[in-house]
Amino acid sequence: MTRLGELERAVMDVLWDSVPGTSDGVTVREVADALRGRELAYTTVMTVLDRLAGKGMVQREREGRAWRYRAAASREAHIAQLMLDALDLGGSRDAALVRFARSVTGTEADVLRAALGDEADGAAGLTDRIEDPRAGRARAADEATDR
Amino acid sequence: MAYAVHFAATILACWLTAQFLSATWTWRAPRVAILCWQAVGLALGLSAMGLPMALGLAAYDRPTGSALVALADDLAHGALPPGLGVAHLVGVGVGFGIGAVLLTTTVRSVHGTVRAQRRHRDLLTLVARQDPTVPGALVLDHPSAAAYCLPGVRPRVVVSAGTLSLLDRAELAAVLTHERAHAQERHDLVLLPFTALRRALPWFGWVADAYERVALLVEMRADDKARELHAEAPLAGALRRFAACDNRITPHGALGVGDRDLDVRVQRLLVADRPPRLIGATALAVASTLVALPISLFLS
């Protein structure tokens with residue numbers, strides 16, 4: 001894993017593990033404080049959060065002069081998405097992966113999809129964002145006609 | 001006209017070869033069969049372009065390649081030979097159109113795949129963990145069983161926590177070798193043209209069939225690599241457990257997606273068969289002739 005990937009992971013862990021009371025997001029300063037052991041510069045943390053926002057992994061809202069960041073989806077939702085890809089249930093028409101065996105039941109698929117669905121109730125259109133942060137809507141429509 | 005007949009004959013031969021490649025001998029020689037499928041795909045694509053072109057260029061009575069050069073020359077000078085009308089030019093245009101569609105579908109397919117893979121890789125970086133029991137692989141903490149390879153320049157082999165608890169040590173090692181074989185031999189690239197064809201011609205059942213067959217052969221090839229290193233038993237055991245995993249969760253039917261393929265793969269591991277050398281050599285000879293025909297017409 002690259003150093004950048006490691007940093008991104010550490011920052012996401014902070015966002016995911018932040019106490020629910022602060023669910024309206026954390027500031028760059030708060031993330032940097034939580035990662036004090038790593039002795040990261042404030043600007044480094046900001047850059048990493050910026051990259052993550054670009055990838056659609058975090059959402060941000062301006063509060064006064066600072067941004068507040070929070071994870072776009074839970075850790076479990078991301079794992080569910082990866083598993084849907086892995087079991088070829090994600091609806092992707094591209095053979096992005098090579099699987100050992102595709103043995104999965106309808107029930108199991110429903111459970112995985114439900115894991116994403118629960119999240120979507122909280123934040124509308126989450127699956128779209130997981131699929132593709134930039135062209136979510138257009139792509140979803142494209143998929144719908146194709147299927 | 002003779003050249004158009006050549007292309008038409010090649011298309012027919014491709015179809016016949018595809019039937020031959022759908023037989024079960026391929027399961028004993030997956031690598032040869034995969035090569036032959038590639039050749040058939042290439043020959044079919046070239047012939048589909050060549051047939052309308054050759055019909056349009058009949059007036060030149062020359063091989064397609066040099067006839068195209070002559071046509072370009074004549075078009076540049078604004079003097080077309082007698083017997084070459086609008087219908088003929090349309091034929092040539094259709095040929096180029098088919099080529100363009102095949103090319104753009106492939107490019108789009110590659111683009112979509114690369115994007116999906118990058119997204120998947122990014123997510124893995126954030127949520128997958130490394131585990132001392134599976135060195136070199138990533139673990140996803142999820143109770144369902146999955147094992148897969150994310151192909152690319154820096155491939156990743158991923159297993160779920162469900163797989164770790166489903167398989168014993170030897171079976172897990174066999175599965176990891178299987179996945180690494182996919183990564184090393186770039187089986188994603190092997191499948192790429194067939195993915196593209198399936199996207200370009202979604203209404204042709206046999207194109208989808210060809211994709212499924214090659215996908216199964218690729219699995220068998222990876223199975224062969226795993227059995228070389230770990231013998232048959234652990235791999236067959238792992239396959240059986242993946243298949244049985246279904247029944248454990250839903251006792252009343254609801255078949256898993258790849259059930260039939262799993263059965264076939266297990267059966268194949270249990271019966272020790274020598275590779276069919278004669279059939280394999282014949283298939284390779286036929287396949288290379290198939291590719292050589294349209295290429296030689298385009299080059300001469």
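Just so it is clear, the model here is predicted, and its values are computed rather than measured. (Residues numbered from 1 in each chain as written. Chains lettered and ligands numbered in written order. Predicted model: local features only at pLDDT ≥ 70, side-chain atom pairs only at ≥ 80, totals over all residues.)

1. Brief notes about the overall build of chain A
Along its length, chain A carries 7 helices and 3 strands. Counting from the amino terminus, helix and strand elements in chain A follow one another as α-α-α-β-β-α-β-α-α-α. Per-residue burial over chain A gives 34% buried out of 147 residues. The long-range share in chain A, meaning contacts at least 24 apart out of those at least 6 apart in sequence, stands at 48%. (Helix = DSSP H or I, 4+ residues; strand = E, 2+ residues; numbered from the N terminus. Buried ≥ 20, exposed ≤ 12 C-beta atoms within 10 Å, placed from the backbone. Contact = placed C-beta atoms within 7 Å.)

2. As for the overall build of chain B
When you go through chain B residue by residue, the secondary structure sums to 11 helices and 4 strands. For chain B, the proportion of its 300 residues judged to be buried stands at 42%. In chain B, of all internal contacts separated by at least 6 residues, the share reaching a separation of at least 24 is 72%.

3. Here's the deal with the environment of Arg31(B)
All names here are of chain B. Mapped onto the elements of the fold, arginine 31 is located in helix 2 (residues 30–56). Look at arginine 31 and you get partly exposed, because 16 C-beta atoms sit within 10 Å. Note: C-alpha distance between arginine 31 and aspartate 273 (242 residues apart in sequence) is 15 Å.

4. Some points on the nonpolar core
Counting 104 residues, the largest nonpolar core has Val11(A), Leu49(A), Met83(A), Cys36(B), Val40(B), Val158(B) and Val214(B) as its most contacted members. Considering every element that reaches this core, the biggest residue donor is helix 2 of chain B, with 16 residues. Taken together, domain 1 (3–71) and domain 2 (75–138) of chain A each give at least three residues to this core, which thus spans both. (Core = buried A, V, L, I, M, F, W, Y, C linked by C-beta atoms within 7 Å. Domains from an automatic or database assignment.)

5. Comments concerning the environment of Asp168(B)
Tracing the backbone through its elements, the reader meets Asp168(B) in the loop between helix 5 (161–166) and helix 6 (169–184). For the pair Asp168(B) and Asp263(B), spaced 95 residues apart in sequence, the C-alpha to C-alpha distance is 20 Å.

6. Things to note about the packing of helix 1 (residues 3–17) of chain A against helix 3 (residues 42–54) of chain A
Residue and element names in this part refer to chain A. Axis separation between helix 1 and helix 3 bottoms out at 10 Å; the angle between their running directions is 85°. Classified by the angle between their axes, helix 1 and helix 3 sit roughly perpendicular to one another. Seen from helix 1, the contacting residues are Leu7, Glu8, Val11 and Met12; seen from helix 3, they are Val45, Val48, Leu49, Arg51 and Leu52. Considering only residue class, the contact of helix 1 with helix 3 consists of 7 nonpolar, no polar and 2 charged. (Axes fitted to C-alpha atoms, helices over the stretch in contact; angles between N-to-C directions. Parallel < 35°, antiparallel > 145°, perpendicular 65-115°, else oblique. Nonpolar A, V, L, I, M, F, W, Y, C, P; charged D, E, K, R; others polar.)

7. Notes on helix 6 of chain B
Residues and elements named next belong to chain B. Across its 16 residues, helix 6 extends 22 Å between first and last C-alpha, which sits within 8% of the 22 Å expected from 1.5 Å per residue. All buried positions along helix 6 are accounted for by Glu171, Leu172, Ala174, Val175, Leu176, Thr177, His178, Glu179, Ala181 and His182. With its phi angle positive at about 50°, arginine 186 sits one or two positions after the end of helix 6. (Expected span 1.5 Å × (residues − 1).)

8. Let's talk about the confidence of the model for chain B
Confidence in the prediction for chain B averages 86 pLDDT; 95% of positions are at 70 or higher. Interface confidence for the predicted complex, given as ipTM, is 0.73, next to a pTM of 0.78. (pLDDT = per-residue confidence, 0-100.)

9. Brief notes about the packing of helix 2 of chain B against helix 11 (residues 277–299) of chain B
All names here are of chain B. Their axes nearest at 9 Å, the elements helix 2 and helix 11 cross at an angle of 25°. Relative to helix 11, helix 2 is oriented roughly parallel. Two packed elements cross with a definite hand, and for helix 2 against helix 11 that hand is left-handed. Across the interface between the two elements, Val32, Leu35, Cys36, Ala39, Val40, Leu42, Ala43, Leu46, Ser47 and Gly50 from helix 2 touch Gly280, Ala283, Leu284, Ala287, Ser288, Leu290, Val291, Leu293, Pro294, Ile295, Leu297 and Phe298 from helix 11. (Left-handed = near helix turned anticlockwise from the far one by under 90°.)

10. Some words on the pairing of strand 4 (residues 156–160) of chain B
All names here are of chain B. Of all 5 residues in strand 4, 5 are buried, a share of seventy percent or more. Residues of strand 4 alternate between two faces, with Arg156, Val158 and Ser160 on one and Val157 and Val159 on the opposite face, all of them buried. Here strand 3 (residues 147–150) hands over to strand 4 after 5 residues, with glycine 152 in that stretch at a positive phi of 145°. (Pairing = 2+ DSSP bridges.)

11. Focus: unusual backbone geometry
All names here are of chain B. The phi torsion at aspartate 61 lies on the positive side, around 50°, for a residue other than glycine. Mapped onto the fold, aspartate 61 is located in the loop between helix 2 and helix 3 (64–77). One non-glycine residue, arginine 186, lies in the positive phi region at around 50°. Judged by the 15 C-beta atoms lying within 10 Å of it, arginine 186 falls in the partly exposed class.

12. Digging into helix 1 (residues 2–21) of chain B
All names here are of chain B. Under the 1.5 Å per step criterion, the end-to-end length of helix 1 is 28 Å for 20 residues, consistent within 8% with the ideal 28 Å. Restricting attention to buried positions, one finds in helix 1 the residues Tyr3, Ala4, His6, Phe7, Thr10, Cys14, Thr17 and Leu21. Angular distribution of buried residues about the axis of helix 1 spans 155°; they occupy a single face of the element. Counted as exposed and oriented over 90 degrees from the buried face of helix 1: Ala2, Val5, Ala9, Leu12, Trp15 and Gln19. (Arc of directions from axis to C-beta.)

13. Observations concerning the confidence of the model for chain A
Residues and elements named next belong to chain A. The share of residues in chain A with pLDDT of 70 or more is 54%, and the mean pLDDT across the chain is 71. The element-level mean pLDDT for chain A is lowest in helix 7 (residues 136–146), coming to 38, with helix 3 highest at 92. Note on residues 120–147: pLDDT under 50 across the span, and 26 contacts to partners over four residues away in sequence or across chains.

14. Details of the pairing of strand 2 (residues 137–140) of chain B
Residue and element names in this part refer to chain B. The pairing of strand 1 (residues 129–130) with strand 2 spans 2 bridges and is classified as antiparallel. Across the sheet, arginine 129 pairs through a bridge with valine 139, a residue of strand 2. In this structure, the hairpin formed by strand 1 and strand 2 is closed by a connection of 6 residues, where glycine 136 is found at a positive phi of approximately 85°. Sheet topology note: the strand 2/strand 4 ladder contains 4 bridges and is parallel.

15. Quick notes on the environment of Leu164(B)
Residue and element names in this part refer to chain B. Within the secondary structure layout, leucine 164 lies in helix 5. Overall, leucine 164 belongs to the partly exposed group, with 18 C-beta atoms counted inside 10 Å. For the pair leucine 164 and alanine 147, spaced 17 residues apart in the sequence, the C-alpha separation amounts to 9.6 Å. Those residues in contact with leucine 164 that sit more than four places away from it in its chain are Thr133, Val139 and Val159.

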